[in-house]
Amino acid sequence: MSELARTDFGDDFTWGVAHASYQVEGAWDADGKGPSIWDTFTHGKGRIRDKSTGDVACDFYHRYDDDTALVRDLGFDAQRFSISWPRVLPTGTGRVNRAGLDFYSRVVDSCLEHGVEPWVTLYHWDLPEALQQRGGWANRDVIGWFEEYVGVVADALGDRVKDWMVFNEPCSFMVVGHLAGVHAPGTRSLRRFLAGTHHVNLCQSAGASVLRAKVADANVGTTHIISPMATKADTPKHRRAAAALDAFANRIFLEPNFGLGYPTEAAGLLKGVERYFKPGDDEAIKVDWDFLGVQYYTRQQARPAPIPGLHAVPWIRHDYRNYEITAMGWEVQPDGLYESLAKVHAYDPELTLVVTENGAAFPDKVEAGRVHDPRRTAFYQAHLAEVRRAIADGMPVDGYFCWSLMDNFEWAEGYGPRFGLTYVDFDTQERIVKDSGRWFRDFLA
Ligand code: GCO
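All values reported here derive from a predicted model rather than from experimental measurement.

Trainee: Help me get a handle on the pairing of strand β1 (residues 14-18), residues and values and all.
Mentor: Counted residue by residue, β1 has five buried out of five residues, so it is predominantly covered. Note that β1 and strand β10 (residues 397-403) share five bridges and pair parallel. For T14, the partnering residue across the bridge sits in β10 and is G399. Relative to strand β2 (residues 78-82), β1 runs parallel, the two being bridged by three bridges. Looking across to β2, one finds that A18 is bridged to R80.

Written out as structure tokens, the structure is:
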């Protein structure tokens, strides 16, 4: 691999870092915020590996200005963060919590003061608990609830925020949260999974329309985790398993919005989604994205399984092959990022792509005030080389966001796996820039 230079990626390329409300903010019940399904889930028993919660997390709620200064100090152009729906609408609809909305307004102002572009995700998994009580994503009324929420946020921030992502990784909260029950809301229900998936896909277009109606010059996208599927053996049975898994994990979340319908032919279980279709949905579900966010961590290995799809879950270990393994148990396979970009590119060669997440957890230690994480630096270099290759091959990739600015609450894994370019001491909230963060600072300078 020839040495990487920032200029290889072009002048208009956006370099950013990403994080999400529940994973960093803390202040779980401050200033009128309502509970989210993640508050309920972490406060319940036995769900999180280290029994932790996001009650305090990185305390971004109080430290956002210093953290945003750090984004600039590391040389990044953009900070991707998400809005907590119940901070803005404590019971999901109806009464707006001004204090919650003002918090996000301050974060946006802080970004602009530090010369950092705010990239906003509207939904990164923290549904208001009050809406879960009313059926959550499985209730078709969620489309109206979501439109109301998006409207409130767009009215408050749309004068300053231009870059929007409607969802973060529907596959993760649908497959892992609703089908496997490993994430909030912790249900194991094919019915909720299928109904919820269709409603989320409709909310993609409903949310995009609200943004376009309210925000002048909005750059509207969404994000998907893309998992290329490897097979254990090259037999028809294994190839069918890979095709079914691809349908479950990738295609059902991408294709309806492109106007291609659901890939029911690849996985019979998906046929159940048709029950939730209403006349007009075929048209209503289409979205003309300004960009699509591709998030990549590793390939999955498909095996013939009773419920195809369950092996799509990164939290379920696969059979290890001859690859380096991260602290999440995920294999390091940089060329899978190229493959993921190419997969989305094939749907629409004109569509702008942004890598909205990529990164890795490794066991980090503080030694004499420094964190030496050469494996993370090598991980980023190898993946960036794949982005460069995609651009050289003509794919319109316009940006790259590291997951994450700092170590944070890694969902069901708690605070064990550290994904940050910055180390967080969760007792003192001290931030220490890791060597990988220093590498980015030099690279971006
Ligand atoms: C996701 C989420 C992040 C995770 C990250 C590491 O991609 O799953 O957007 O919230 O923390 O991916 O697992």
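Once you've had a look at it, read on.
Trainee: Describe the pattern of salt bridges, naming the residues involved and giving the relevant values.
Mentor: All told, the structure shown has 29 salt bridges when counted by the stated rule. Between R6 and D77 there is a salt bridge, with the nearest N and O atoms lying 3.2 Å from each other. Linking R6 in the segment before β1 with D77 in the loop between α3 (60-73) and β2, this pair joins segments that are 71 residues apart in sequence. Since its relative accessible area comes to 25%, R6 is described here as partly exposed. D77 sits in the buried class, given a relative accessible area of 16%.

Trainee: So what's going on with the site of the ligand? Which residues, and what values?
Mentor: Not every one of the 13 residues close to the ligand is listed here, only the nearest: Q23, N168, E169, E357 and E410. In the environment of the ligand, an oxygen atom lies 2.6 Å from a nitrogen or oxygen atom belonging to the side chain of E410. If the ligand stood free it would expose 310 Å²; the protein chains cover 99% of that surface. For the shell around the ligand, the residue count by class is six nonpolar, four polar and three charged.

Trainee: Give a detailed account of the packing of aromatic side chains, specifying residues and quantitative values.
Mentor: Within this structure, the stated rule accounts for 45 aromatic pairs. Ring centres 4.8 Å apart and planes at 55 degrees place the aromatic pair F13 and W15 in the tilted group. Both residues of the pair, F13 and W15, belong to the buried class. The interplanar angle of 80 degrees and the centroid separation of 6.4 Å between the aromatic rings of Y380 and Y400 together place this pair among those described as edge-to-face. With Y380 in helix α13 (residues 374-392) and Y400 in strand β10, this residue pair connects regions lying 20 residues apart in the sequence. Taken together, the aromatic side chains of F9, F13, W15, F76, F379, Y380, Y400, W439, F440 and F443 make up a single cluster linked through ring pairs. In this structure, R87 packs its charged tip against the face of F103, placed 5.7 Å from the ring centre. A cation over an aromatic ring shows up here: R418 above the ring of Y423, its NZ or CZ 4.0 Å from the ring centre.

Trainee: Describe the side chain of T68, naming the residues involved and giving the relevant values.
Mentor: Here T68 is to be found in helix α3. Not counting residues within four places of it along the chain, the set of residues in contact with T68 comprises Q79, S110, C111, H114 and V116.

Trainee: Give a description of the state of the cysteines that names residues and reports values.
Mentor: Overall, the coordinates contain zero disulfides when judged by the stated rule. Cysteine C58 remains unbridged, with the sulfur of C111 as its closest cysteine sulfur at 16 Å. Relative accessible area serves as the criterion here: at 0%, C111 is assigned to the buried category.

Trainee: Mind laying out the confidence of the model for the protein chain, listing which residues take part and the relevant values?
Mentor: Looking at the protein chain as a whole, its pLDDT mean stands at 95, while 96% of the residues score no less than 70. This stretch, residues 311-317, has a pLDDT under 50; its non-local contacts, to residues over four places away or in other chains, come to 23 contacts.

Trainee: Got a sec to walk through the packing of helix α5 (residues 98-113) against helix α7 (residues 142-157)? Specific residues and values, please.
Mentor: Contact pair α5 / α7: the axes reach a minimum separation of 10 Å and the direction vectors enclose 45 degrees. The orientation of α5 with respect to α7, classified from their angle, is oblique. Seen along the crossing, α5 lies across α7 with a hand that is right-handed. Only V152, A156 and L157 of α7 make contact with α5, whose side of the interface consists of L101, Y104, S105 and V108. Residues that form the contact of α5 with α7 fall into these classes: six nonpolar, one polar and no charged.

Trainee: So what about the sheet that holds strand β3 (residues 117-123)? Which residues, and what values?
Mentor: Adjacent strands of a sheet form backbone hydrogen bonds with each other and so pair up, either parallel or antiparallel. The strand order β1-β2-β3-β4-β5-β7-β9-β10 describes a closed barrel built from eight strands, whose pairing is parallel. Going across the sheet, the axis of each strand differs from the next one's by a mean of 25 degrees, ignoring polarity. Contacts from helix α9 (residues 190-214) reach β3, β4 (163-168) and β5 (219-225), with the element oriented near 165 degrees to β4.

Trainee: If you had to explain the packing of helix α12 (residues 335-345) against α13 to someone new, which residues and values would you point to?
Mentor: In the contact formed by α12 and α13, the axes pass within 8 Å of each other and the chain directions differ by 35 degrees. Judged by the sense of rotation from one axis to the other, the crossing of α12 with α13 is right-handed. Here D335, L337, Y338 and L341 of α12 come into contact with α13, specifically with H383, E386, V387, R389 and A390. Classifying every residue of the contact of α12 with α13 by side-chain character gives five nonpolar, one polar and three charged.

Trainee: So what about the pairing of β3? Which residues, and what values?
Mentor: Most of β3 sits out of view: six of its seven residues are buried. Examined bridge by bridge, β2 and β3 share five bridges and lie parallel to one another. Of the residues in β3, the one forming a bridge with S82 is T121. Here β3 runs beside β4; their pairing, made up of four bridges, is parallel. The residue of β4 that forms the bridge with Y123 is F167.

Trainee: Can you lay out the environment of D335 for me, pointing to particular residues and giving the numbers?
Mentor: Tracing the chain through its elements places D335 in helix α12. In this structure the C-alpha to C-alpha distance between D335 and T298, which are 37 residues apart in sequence, comes to 9.4 Å.

Rules behind the numbers
- Residues numbered from 1 in each chain as written.
- Predicted model: local features only at pLDDT ≥ 70, side-chain atom pairs only at ≥ 80, totals over all residues.
- Heavy atoms only, no water.
- Buried < 20%, exposed > 50% of the residue type's maximum accessible area, 1.4 Å probe, protein only.
- Helix = DSSP H or I, 4+ residues; strand = E, 2+ residues; numbered from the N terminus.
- Pairing = 2+ DSSP bridges.
- Salt bridge = Lys/Arg side-chain N within 4 Å of Asp/Glu carboxyl O.
- Near = heavy atom within 4 Å.
- Polar contact = N/O pair within 3.5 Å; in protein donor to acceptor, adjacent residues only side chain to side chain.
- Areas by Shrake-Rupley, 256 points an atom, 1.4 Å probe, with all protein chains shown as cover.
- Nonpolar A, V, L, I, M, F, W, Y, C, P; charged D, E, K, R; others polar.
- Phe/Tyr/Trp six-rings, centres within 6.5 Å; stacked < 30°, edge-to-face > 60°.
- Lys NZ or Arg CZ within 6 Å of the ring centre and 35° of its normal.
- Contact = heavy atoms within 4.5 Å.
- Disulfide = S-S within 2.5 Å.
- pLDDT = per-residue confidence, 0-100.
- Axes fitted to C-alpha atoms, helices over the stretch in contact; angles between N-to-C directions.
- Parallel < 35°, antiparallel > 145°, perpendicular 65-115°, else oblique.
- Left-handed = near helix turned anticlockwise from the far one by under 90°.

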